[in-house]
Amino acid sequence: MAMAVCMILGTWAVVYARADTDKNDTTAAQTITTGVTVDARTGATTVATGTAIFQKGDLFSDRDLQQVADLSKAVTYTVSDSEDITITAAGVYVLTGSARDVTVYVEAGKEDKVQLVLDGLTLTNGDSPAIYVKSADKVFVTTSANSSLSVTGSFQADGDTKLDGVIFSKSDLTLNGTAALTISSTKNGVVGKDDLKITGGTYTISAKSKAIEANDSIRVADGALNLTAGTDGLHAENDDDTSKGYVYIGGGAISINAGDDGIHATTVVQVDDGTIAIIAAEGIEATYVQLNGGTVSVSAKDDGINAAQKSASYRATVEINGGDITVVMGAGDTDGVDSNGDIIVNGGTIDLTGNSTFDYDGSAQYNGGTIIANGQQIDYIPNQMMGGMGGGFGGGWGGFGGRGGH
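Residues numbered from 1 in each chain as written. Predicted model: local features only at pLDDT ≥ 70, side-chain atom pairs only at ≥ 80, totals over all residues. Heavy atoms only, no water.

**Considering the overall build of the protein chain**
When helices and strands are counted, the protein chain shows 2 helices and 38 strands. The long-range share in the protein chain, meaning contacts at least 24 apart out of those at least 6 apart in sequence, stands at 50%. About 15300 Å² of surface is accessible on the protein chain, with carbon and sulfur atoms providing 48% of the total. (Helix = DSSP H or I, 4+ residues; strand = E, 2+ residues; numbered from the N terminus. Contact = heavy atoms within 4.5 Å. Areas by Shrake-Rupley, 256 points an atom, 1.4 Å probe, with all protein chains shown as cover.)

See the structure below:
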């Protein structure tokens, strides 16, 4: 994904554009406008309140959303024990059968799109990924009949590449289809080093570390995800470029039981639609959390929704424009909605139960919506700042200052 910067009325607008010319992957000259402007004089970033940061239609190609593969020219492989499969060209490949210690390698050209159709495939490996994408423009993993992939031992590295996922991709990856895929891992479930999209299918993932991890983004349009993770359920983080690493959810049904964060992103977590149920130490964490719709339920030992300053590209903010949000926190120094910066509530229904319902270090805006704090409807955003001293003064503290540094 390339980044272009253009001057608009004295501010710099950050625009991400990528070209994709496949006739069945119609995102040619696609532009993704993040809704972020950067002041040319001060370098401060601004997000227009009430405006979605990402648009769903810009994030998924037509082919991403096609749940049934075109098999008219497909090549079929039936797996056998200890016999790896290597795919070197664009095309559609059907994988079927049951075997142990088999890796499906994709080593295609940088312009090649490869579709792997899992048709009742079962692979059980000891120390290597079931699917390893070394090179391609983009890979689709499409389920047509219920399949199962697992790694039962310690992952072995591939030279300088640390392999740590049952599905491990160095290229853009899309998961779609009409059937179920079960993944079990001693490390991570699915790892994508670029963009990772999920648009259909049912996924049950049990991982000792992260269930689904990507460097640039995790984008969910639809599908059912049942994730059990030792650390994070959905994790998007880019160590080399902290302007990336976001999670977008525009639909589907997601259930997460995680030892650390349910959903974790370096920059943005945006929820437009879908049903999300999280049981975790911390529910949702990112620099900017924007909830525009859907149903979100969080049961957390620590903070339910947390905006922490992980990226200089955004100011730490929790913005709620719509949806039904329920957060139940554990006892102790925990917060339902916690922001190292600002909190903005423009709409939706927010039902928080716990010792501290809101905590913020910047400013707060309550412009609309319904807030229920420990069973009582209130018309302001309280603040638990300074060990709870602000609980009774939250309306005043949050009532002035607008969007703080925005």
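Structure shown, so let's carry the discussion forward.
**Describing unusual backbone geometry**
Backbone geometry places Asp 101, a non-glycine residue, at a positive phi of 55°. Phi at Asn 374 takes a positive value of approximately 50°, unusual for a residue other than glycine.

**Let's talk about the sheet that holds strand 10 (residues 131-135)**
Across the sheet, 12 strands lie side by side as 6-8-10-13-16-19-22-24-26-29-32-35; this open sheet has parallel pairing. Two strands close off the open sheet at either side, each with one partner strand: strand 6 (85-87) and strand 35 (356-360). Neighbour-to-neighbour, the strand axes of the sheet open up by a mean angle of 15°, direction not taken into account. Pairing of strand 32 (residues 335-339) with strand 35, which is carried by 4 bridges, proceeds in the parallel orientation. Across the sheet, residue Val 337 finds its bridge partner in strand 35, namely Phe 358. (Pairing = 2+ DSSP bridges. Axes fitted to C-alpha atoms, helices over the stretch in contact; angles between N-to-C directions.)

**A closer look at the nonpolar core**
Formed by 84 residues in total, the largest nonpolar core has its most connected members in Leu 116, Leu 149, Ile 212, Leu 234 and Ile 263. Setting aside its immediate chain neighbours within four residues, Leu 149 contacts Leu 118, Leu 121, Leu 123, Ala 130, Ile 131, Val 166, Ile 167, Leu 181, Thr 182, Ile 183 and Ser 184. (Core = buried A, V, L, I, M, F, W, Y, C linked by side-chain atoms within 4.5 Å. Buried < 20%, exposed > 50% of the residue type's maximum accessible area, 1.4 Å probe, protein only.)

**Looking at the pattern of salt bridges**
As enumerated under the stated definition, the model contains 7 salt bridges in all. Between Asp 137 and Lys 113 there is a salt bridge; the shortest N-O distance is 2.8 Å. Of this pair, Asp 137 sits in the loop between strand 10 and strand 11 (138-145) while Lys 113 sits in strand 9 (residues 113-125); the two residues are 24 residues apart in sequence, bridging distant segments of the chain. Overall, Lys 113 belongs to the buried group, its relative accessible area being 7%. Through salt bridges that share partners, Asp 64, Lys 138 and Lys 197 make up one connected network. (Salt bridge = Lys/Arg side-chain N within 4 Å of Asp/Glu carboxyl O.)

**A word on the pairing of strand 20 (residues 217-220)**
Burial of the side chains of strand 20 extends over both faces: Ser 217 and Arg 219 are buried on one face and Ile 218 and Val 220 on the other. Bridging between strand 17 (residues 195-198) and strand 20 involves 4 bridges; their strand directions are parallel. In the strand pairing of strand 20, Leu 196 is matched with Ile 218. Where strand 20 and strand 23 (residues 246-258) come together, 4 bridges link them in parallel fashion. Within strand 23, the position partnered with Ser 217 by the bridge is Tyr 246.

**Overview of the pairing of strand 12 (residues 147-151)**
A regular strand places its side chains so that they alternate between the two faces of the sheet. Within strand 12, 4 of the 5 residues are buried, which leaves the element mostly enclosed by the surrounding structure. Relative to strand 12, strand 9 runs parallel, the two sharing 4 bridges. Counted as the bridge partner of Thr 122 is Ser 148 from strand 12.

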